Amino acid sequence: MTRHIDTVDVAGIAFQLSCRFPKPSFWARRHPEFITRRRPNVVVRIEYEEHFRGRAGRPVGDTVADAADVRRQGPALLVSTGYYRAAVDVRRGRVAVRMAAGFDVAGLMRTLTALWVLERGTLLLRAACFGPDVSATIACGLPDRATPSSAIVGWFAVTPRPDGVSVRPTPFVDRDSPLRTSGRRATTLWLPGGEAGTPRLGAAMALRVLLPSVWQADRRRPAVERTLDLTTRIVATLRGDEVGMINPAREEAAVG
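What comes next is a walk through the structure. Just so it is clear, the structure is predicted and the values come from calculations on it, not from any experiment.

### Some points on the overall build of the chain
(1) Moving on: Helix and strand counts for the chain come out as five helices and 13 strands.
(2) Moving on: In the chain, which comprises 256 residues, the share counted as buried stands at 49%.
(3) Moving on: When the accessible area of the chain is evaluated, it comes to approximately 12,800 Å², of which 50% is carbon and sulfur surface.

Laid out in structure tokens, this is it:
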């Protein structure tokens, strides 16, 4: 039977999606700017099942959480949620997925992206990004009305570097309009706070506020330690320019 095949570049990793049904292709082509002809780094083979049963052995409902359970199974990882199970071979770049019929692959692909980018010293971070390409701002945890209308909101691949923080867009954003796939250099980090008149955060408090915005697919100890290290480096790098605190209530009043 003919399979639908598309390759999507997410943060420099080429994921090839292969399925007998077109639904994964619909997701891939939602942002055609990420479609690539590069040789895939990761091949994701998806099989839909009409009678898929979730982790507890129960039939899948209409609404299921995306938070994944990751554990080692022999040489591979087993990644599972209430609506899919994926055998992941990170070393060989192979993923075999069984998924409940009708579900979109966005949640699956976000989790796979988080697994692979962490291996490359990168985090998948929920944020708003705006400003010049060489001195952009990333803002985490702020209400929509507290961010500029020009901001792109969604999940970004964020990498700490000696000269700043690299921020690359991904297909996991909150709008369907075309995106620029090129990255930016962030120099400013804004986080929410509850007290007015406190313009800067200490590193420990910034970490505490920033960590909930990271998509931590793998919650095993080595992966969590790596995430903590990368988050600490992001805060330390941006702190040299600006790590600020914004009171969301005051910002909403000012903007609205």
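### Describing the packing of aromatic side chains
(1) Moving on: Across all of its chains, the model carries six aromatic pairs by this definition.
(2) Moving on: Aromatic pair Phe-21 and Tyr-48: ring centres 6.2 Å apart, planes at 75°, arrangement edge-to-face. Placement of Phe-21 in the loop between strand E2 (13–19) and helix H1 (23–28) and of Tyr-48 in strand E3 (residues 42–49) is noted, with a sequence separation of 27 residues between them.
(3) Moving on: Judged by centre distance (5.6 Å) and plane angle (80°), the rings of Trp-155 and Trp-215 are edge-to-face. Of this pair, Trp-155 sits in strand E10 (residues 152–161) while Trp-215 sits in the loop between helix H3 (203–210) and helix H4 (221–239), and the two are 60 residues apart along the sequence. Like Trp-215, Trp-155 is buried.
(4) Moving on: Ring pairs connect the aromatic residues Tyr-83, Tyr-84 and Phe-103, which therefore count as one cluster.

### Comments concerning unusual backbone geometry
(1) Moving on: Located in the positive-phi region is Ala-11, a residue other than glycine, with phi close to 55°.
(2) Moving on: Examined against the element boundaries, Ala-11 turns out to sit in the loop between strand E1 (4–10) and E2.

### A word on the sheet that holds strand E7 (residues 94–100)
Sheet strands pair by backbone hydrogen bonding; their relative direction is either parallel or antiparallel.
(1) Moving on: Strand order in the open sheet made by the seven strands is E1-E2-E3-E7-E6-E5-E4, with mixed pairing throughout. Both outer strands of the open sheet, E1 and strand E4 (69–73), are each paired with one neighbouring strand and no more. On average, each strand axis in the sheet is inclined to that of its neighbour by 20°, with strand direction left out of account.
(2) Moving on: Across seven bridges, E3 lies against E7 in parallel orientation. Bridge pairing links Val-43 to Arg-94 in E7.

### Considerations on the pattern of salt bridges
When their charged atoms lie close together, side chains carrying opposite charge are able to pair.
(1) Moving on: Scanning all chains against the criterion turns up 14 salt bridges.
(2) Moving on: Between Arg-38 and Asp-9 there is a salt bridge; the shortest N-O distance is 2.7 Å. Separated by 29 residues along the polypeptide, Arg-38 in the loop between H1 and E3 and Asp-9 in strand E1 bring together distant segments of the chain.
(3) Moving on: We note a salt bridge from Arg-233 to Asp-229, for which the minimum N-O separation is 3.8 Å. Of this pair, Arg-233 and Asp-229 both sit in helix H4, four residues apart, which is roughly one turn of the helix.
(4) Moving on: Several salt bridges converge on common partners, so that one network encompasses Arg-3, Arg-20, Arg-45 and Glu-47.

### So, the side chain of Thr-137
(1) Moving on: With respect to the helices and strands, Thr-137 occurs in strand E9 (residues 136–139).
(2) Moving on: Look past the residues within four positions of Thr-137 in its chain and what remains in contact with it is Ala-128, Cys-129, Phe-130, Thr-188 and Trp-190.

### Description of the environment of Leu-189
(1) Moving on: Mapped onto the elements of the fold, Leu-189 is located in strand E12 (residues 184–192).
(2) Moving on: A residue is classified by how much of its surface remains accessible, and Leu-189, at 0% relative accessible area, is buried.
(3) Moving on: Along the primary structure Leu-189 and Thr-137 are separated by 52 residues, whereas in three dimensions their C-alpha atoms are 5.8 Å apart.

### Notes on H3
(1) Moving on: For H3, every residue scored as buried is listed here: Ala-206, Leu-207 and Leu-210. Projection of H3 onto a plane perpendicular to its axis shows the buried side chains occupying an angular sector of 100°, all on one side. In this structure, H3 carries Ala-204 and Arg-208 as exposed residues pointing more than 90 degrees from its buried face.

### Concerning the environment of Val-165
(1) Moving on: Relative to the assigned elements, Val-165 resides in strand E11 (residues 164–173).
(2) Moving on: On a C-alpha basis, the gap between Val-165 and Thr-188 in space is 9.1 Å, while along the polypeptide they are 23 residues apart.
(3) Moving on: Excluding residues within four positions of it along the chain, Val-165 makes contact with Val-158, Thr-159, Pro-160, Arg-184, Arg-185, Ala-186, Ile-234, Thr-237 and Leu-238.

### Quick word on the pairing of strand E6 (residues 84–89)
A regular strand carries its side chains on alternate faces of the sheet.
(1) Moving on: Inspection of the sheet shows strand E5 (residues 76–80) paired to E6 by four bridges, in the antiparallel sense. Paired with Leu-78 across the two strands is Ala-87, which belongs to E6.
(2) Moving on: As paired elements, E6 and E7 share six bridges and run antiparallel to each other. Across the sheet, residue Arg-85 finds its bridge partner in E7, namely Arg-98.
(3) Moving on: Hairpin connection, E6 to E7: the antiparallel pair is bridged by four residues, and Gly-93 has positive phi, about 70°.

Conventions and cut-offs
Each residue is numbered by its place in its chain's sequence as written, counting from 1. Residues qualify for local features only when their pLDDT is at least 70, as the model is predicted, and side-chain atom pairs are given and counted only at 80 or more; totals for whole chains, interfaces and linings, by contrast, use all residues. Here the side-chain values reflect all heavy atoms present in the structure, with hydrogen atoms and water set aside. Under the DSSP-based scheme used, a helix requires at least four consecutive residues in state H or I and a strand at least two consecutive residues in state E, with every element numbered from the N terminus. The buried label goes to any residue with under 20% of its type's maximum accessible area, the exposed label to any with over 50%, and the partly exposed label to all in between, with areas taken from a 1.4 Å probe on protein chains only. Using the Shrake-Rupley algorithm and a 1.4 Å probe, accessible areas are obtained, with residue cover drawn only from the displayed protein chains. Planes of paired rings set the category: under 30 degrees apart is stacked, over 60 is edge-to-face and the rest tilted, where pairs are Phe, Tyr or Trp rings (Trp by its six-membered ring) whose centres lie within 6.5 Å. If DSSP finds at least two bridges between two strands, the strands pair. Axes here refer to lines fitted to C-alpha atoms; in helices the fit is confined to the stretch in contact. Angles between the N-to-C directions go from 0 to 180 degrees. Between Lys or Arg on one side and Asp or Glu on the other, a salt bridge is scored when a side-chain nitrogen of the former is within 4 Å of a carboxyl oxygen of the latter. Residues are treated as being in contact if the distance between any of their heavy atoms lies within 4.5 Å. Of all possible arcs, the one meant is that of the directions from the helix axis to the C-beta atoms.

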